[in-house]
Amino acid sequence: MLPKQEVVAMLLAGGQGSRLGVLTRNLAKPAVPFGGKYRIIDFPLSNCVNSGIETVGVLTQYQPLELNDYIGNGQPWDLDSNNAGVHVLPPYQKQKKTDWYKGTANAIYQNIPFIERYNPDYVVVLSGDHIYKMDYSKMLNFHKEKNAACTIAVYEVPMAEASRFGILNTNEDGSIYEFDEKPKKPKSNKASMGIYVFTWEKLRKYLEEDENDPKSQNDFGKNVLPAMLNAGESMFAYRFEGYWKDVGTIESLWESNMDLLDPNIPLDLNDPEWRIYSRNPVMPPHYVAKGATIQNSLAAEGCNVYGTVDFSVLFAGVYVAPGAVVRDSIIMPGSRIEEGATVQYAIVAENSVVGANSVVGQRPEDMENKEDWGVAVIGPGCTLAPDTVVPPKAMIDAEEVEK
């Protein structure tokens, strides 16, 4: 038994992220680059460190290689102590049988031995695909004050959008009396963020019962939480008021990167009181050549800008050639935009090349039929030939380019 930890965080990072298309074909969703120098998983890991949580289990499954390498020993997030730190937890073979994680609840169930090593009083369950800054210690204190079995973080969304979310209906004291999954006529606008604090003794009991139910989908939202509510357990909603974005789609990933360029959006990555840590490449400072134009954009180290960049996010090592134009776009690490190319409303993934005079994406206002508009995506490792045209909403991967 290791030294007791009051709280252990379990970070669910094994989802396929199929709605991100070519960006996650060979990459776990939490490892997708974000904001010029980060990856999505940097946010929950940094939140744990800033909240005083010293032990974090990261549950991986789909395409975990790059994510495992990125996490490493946890040193960039100060999660590398001998008796705590970050631990990557893939599915593993047991004596009787071997199982992939069948659902979010089953993933935690399979790692009960890991949690028990630290004999915690509380377990925080987190998702690996959200962009936000949150002090989990405040949520934990709320959980203790309410003497709750489970506390669920909620984010108030516009009522017009509430039917897209799992909605929690609550009493005046914040106690939950009903779960409403994507209701047609929502009673409230309190959307579940997929962030939970559990009293460990209670959670373990319901995980074991869920695992013994052959009809269960082994999912928190569909099975474990409703079972706790039906049993009369004390469950509360914790209101979160900061910036939060689920980046599970191309549109939301693009929007959240663009939000970094809006001074009115409360997502300050320069806040010294709540740093977002990451494992960054060591590169020289970015270079902006004479005659280049760059405005209202983020440009990471190692970038070389000779063309025009406006309202865009450039990751480390990006090259924008003379005469090239990048607007309203995200260019991920190591990619090149060659001479005369135009990239607008697009995401260009890692180590791709947009050939000379190519056109990727289009401004929505330039289209006759606005319904055909969407963010264009170039997948990792693509090399587009000169004069290639990639229309809005198109998604290109390296195999298609090769063919």
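Read on for an overview of the structure.

This part covers helix α8 (residues 250-259). Taken across its ten residues, α8 has eight buried, putting it largely inside the fold. Along α8, the residues classified as buried are I250, S252, L253, W254, S256, N257, M258 and D259.

With a probe scaled to a water molecule rolled over the atoms, the places where space remains empty come into view. As a volume, the second largest pocket reaches approximately 390 Å³. Around the second largest pocket, the lining comprises 19 residues; the ones closest to its centre are G35, Y38, L269, N270 and L298.

Turning to the pairing of strand β6 (residues 122-127), a few remarks are in order. Taking burial as the measure, the six residues of β6 include six buried ones, the bulk of the element. Taking every second residue as pointing to the same face, both faces of β6 are buried, with Y122, V124 and L126 on one and V123, V125 and S127 on the other. Sheet analysis places strand β1 (residues 7-12) next to β6, joined by six bridges and oriented parallel. The partner of V7 across the bridge, within β6, is Y122. Inspection of the sheet shows β6 paired to strand β11 (residues 190-199) by four bridges, in the antiparallel sense. Bridging across to β11, V124 finds its partner in V197.

What follows covers the sheet that holds strand β20 (residues 319-320). Where strands meet in a sheet, backbone hydrogen bonds hold them as pairs that are either parallel or antiparallel. On the basis of which strands lie adjacent, the open sheet formed by six strands has the order β14-β17-β20-β23-β26-β29 and parallel pairing. The open sheet has two edge strands with one neighbour each: β14 (287-288) and β29 (383-384). Two strands pair when backbone bridges link them, and β20 and strand β23 (residues 336-337) are joined in this way by two bridges, in the parallel orientation. Following the sheet pairing, Y319 is matched in β23 by R336.

In space, the six strands of this open sheet follow the order β15-β18-β21-β24-β27-β30, with parallel pairing throughout. Two strands in the sheet have a free side with no partner beyond their single neighbour: β15 (293-295) and β30 (389-390). Direction of pairing for strand β21 (residues 325-327) relative to strand β24 (residues 342-344): parallel, over a ladder of three bridges. When the bridges of β24 are listed, V326 appears paired with V343.

Attention now goes to the side chain of S175. With respect to the secondary-structure elements, S175 resides in the loop between β9 (166-170) and β10 (176-181). If we skip the residues at most four places from it in the chain, S175 touches N169, T170, M235 and F236.

The next thing to look at is the packing of aromatic side chains. Tallying each qualifying case throughout the model produces 17 aromatic pairs. Cluster of aromatic residues (ring-pair linked, three or more members): Y132, Y136, Y155, F240 and W244. Taking NZ or CZ as reference, R39 lies 5.5 Å from the ring centre of Y70, over its face. For K205, the ring lying beneath its charged end belongs to Y206, and the centroid distance is 4.2 Å.

The next thing to look at is the pattern of salt bridges. Within the structure shown, the criterion is met by 16 salt bridges. Where E6 meets K144, a salt bridge forms, and the shortest distance between an N and an O atom there is 2.6 Å. A residue pair is termed long-range when its members are at least 10 positions apart, and E6 in the segment before β1 and K144 in helix α5 (residues 136-145) qualify at 138 residues. Looking at E6, the relative accessible area reads 37%, which means it is partly exposed. Look at K144 and you get partly exposed, because its relative accessible area is 33%. Notably, a salt bridge pairs E66 with R39, separated by 3.5 Å at the nearest N-O pair. Placement of the pair is E66 in helix α2 (residues 65-71) and R39 in strand β3 (residues 38-39), with a sequence separation of 27 residues. The exposure class assigned to E66 is partly exposed, which follows from its relative accessible area of 33%. Here R39 falls in the buried class, since its relative accessible area comes to 13%. By sharing partners, the salt bridges in this structure join R39, E66 and E350 into a single network.

Among the six residues of strand β12 (residues 235-240), five are classified as buried, and the element is accordingly described as predominantly covered. The pairing of strand β8 (residues 150-156) with β12 spans six bridges and is classified as parallel. Bridge assignment links V154 to a residue of β12, and that residue is R239.

For helix α7 (residues 220-230), the full list of buried residues reads F220, N223, V224, L225, P226, M228 and L229. Of the residues flanking the start of α7, the one acting as N-cap is D219, its side-chain oxygen 2.9 Å from the backbone nitrogen of G221. Directly after α7, the chain includes G232, whose backbone phi takes a positive value near 85°.

Reading the values: rules and limits
Residues numbered from 1 in each chain as written. Predicted model: local features only at pLDDT ≥ 70, side-chain atom pairs only at ≥ 80, totals over all residues. Heavy atoms only, no water. Buried < 20%, exposed > 50% of the residue type's maximum accessible area, 1.4 Å probe, protein only. Helix = DSSP H or I, 4+ residues; strand = E, 2+ residues; numbered from the N terminus. 1 Å grid on protein atoms, 1.4 Å probe; cavity = no way out; pocket = protein on both sides within 12 Å on 5 of 7 lines; lining within 4 Å. Points joined across faces, edges and corners; volume = space filled by probe spheres on them. Pairing = 2+ DSSP bridges. Contact = heavy atoms within 4.5 Å. Phe/Tyr/Trp six-rings, centres within 6.5 Å; stacked < 30°, edge-to-face > 60°. Lys NZ or Arg CZ within 6 Å of the ring centre and 35° of its normal. Salt bridge = Lys/Arg side-chain N within 4 Å of Asp/Glu carboxyl O. Polar contact = N/O pair within 3.5 Å; in protein donor to acceptor, adjacent residues only side chain to side chain.

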